[in-house]
Amino acid sequence: YLNDKSFLGEDNQLQNSVKLSVDAGIPIILVHEKDTSKGGCPFETIITQTPDDLKGEPYNLYSDDIAVSLYSVKEYQQVSLRQILKNIGNKLIDDTDIKARIA
């Protein structure tokens, strides 16, 4: 979940969680908050705030997938949530090697 405060905490909690997840082979799905009342900001702001070590090897946080935009407007939010669920399903399929078993 990415908003205007995602990488600003002094404890580096999100940065450490991303590193641990990638190191453990756990897929990451990025969700970008769009509602400014909930910390939504331009994605460029988030990228600028992202620690450099997450942008490059071995983490490449933004190289595989673009973040799903999360909106508060009901109609848009439903589309966002469907996209998040779809991404979760795709990650599970990719990471459990089901494709290889089917072929």
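Attention here is on the structure that accompanies the text. (Residues numbered from 1 in each chain as written. Predicted model: local features only at pLDDT ≥ 70, side-chain atom pairs only at ≥ 80, totals over all residues. Heavy atoms only, no water.)

1. Structural notes on the overall build of the protein
Then, in step 1: Secondary structure assignment for the protein yields five helices and two strands.
Then, in step 2: Helices and strands appear in the protein in the N-to-C order α-β-α-α-β-α-α.
Then, in step 3: Expressed as a percentage of its 103 residues, the buried residues of the protein come to 28%.
Then, in step 4: A separation threshold of at least 6 residues defines the contact pool for the protein, and within that pool the share at least 24 residues apart is 66%.
Then, in step 5: On the protein, roughly 7,000 Å² of surface is accessible, and the fraction owed to carbon and sulfur atoms is 54%. (Helix = DSSP H or I, 4+ residues; strand = E, 2+ residues; numbered from the N terminus. Buried < 20%, exposed > 50% of the residue type's maximum accessible area, 1.4 Å probe, protein only. Contact = heavy atoms within 4.5 Å. Areas by Shrake-Rupley, 256 points an atom, 1.4 Å probe, with all protein chains shown as cover.)

2. Focus: the environment of Phe7
Then, in step 1: Tracing the backbone through its elements, the reader meets Phe7 in the segment before helix 1 (13-23).
Then, in step 2: Sequence separation between Phe7 and Pro51 is 44 residues; the distance between their C-alpha atoms is 7.4 Å.
Then, in step 3: In this structure, Phe7 is in contact with Leu2, Leu14, Gln15, Ile46, Gln49, Thr50, Pro51, Leu54, Leu61 and Tyr62, ignoring residues within four places of it in sequence.

3. Brief notes about the nonpolar core
Then, in step 1: Of all hydrophobic cores here, the largest spans 12 residues; its members are Leu2, Phe7, Val18, Leu30, Cys41, Phe43, Ile46, Leu54, Tyr59, Leu61, Tyr62 and Ala67.
Then, in step 2: When residues no more than four places from it in sequence are discounted, the contact partners of Ala67 are Leu2, Leu30, Val31, His32 and Phe43. (Core = buried A, V, L, I, M, F, W, Y, C linked by side-chain atoms within 4.5 Å.)

4. Points about the pattern of salt bridges
Then, in step 1: As enumerated under the stated definition, the model contains three salt bridges in all.
Then, in step 2: The partner of Asp4 in a salt bridge is Lys5, and the shortest N-O contact between them spans 3.4 Å.
Then, in step 3: Asp4 sits in the partly exposed class, given a relative accessible area of 23%.
Then, in step 4: A salt bridge links Asp52 to Lys55, with the nearest nitrogen and oxygen atoms 3.7 Å apart. With Asp52 and Lys55 both in helix 3 (residues 52-55) and three residues apart, the pair spans about one turn of that helix.
Then, in step 5: Residue Asp52 is classed as exposed on the basis of its relative accessible area of 62%.
Then, in step 6: Lys55 sits in the partly exposed class, given a relative accessible area of 32%. (Salt bridge = Lys/Arg side-chain N within 4 Å of Asp/Glu carboxyl O.)

5. Remarks on the side chain of Thr50
Then, in step 1: For Thr50, the position within the fold is in the loop between helix 2 (43-49) and helix 3.
Then, in step 2: Since its relative accessible area comes to 2%, Thr50 is described here as buried.
Then, in step 3: There is a polar contact of 2.5 Å between the side chain of Thr50 and the side chain of Tyr62. (Polar contact = N/O pair within 3.5 Å; in protein donor to acceptor, adjacent residues only side chain to side chain.)

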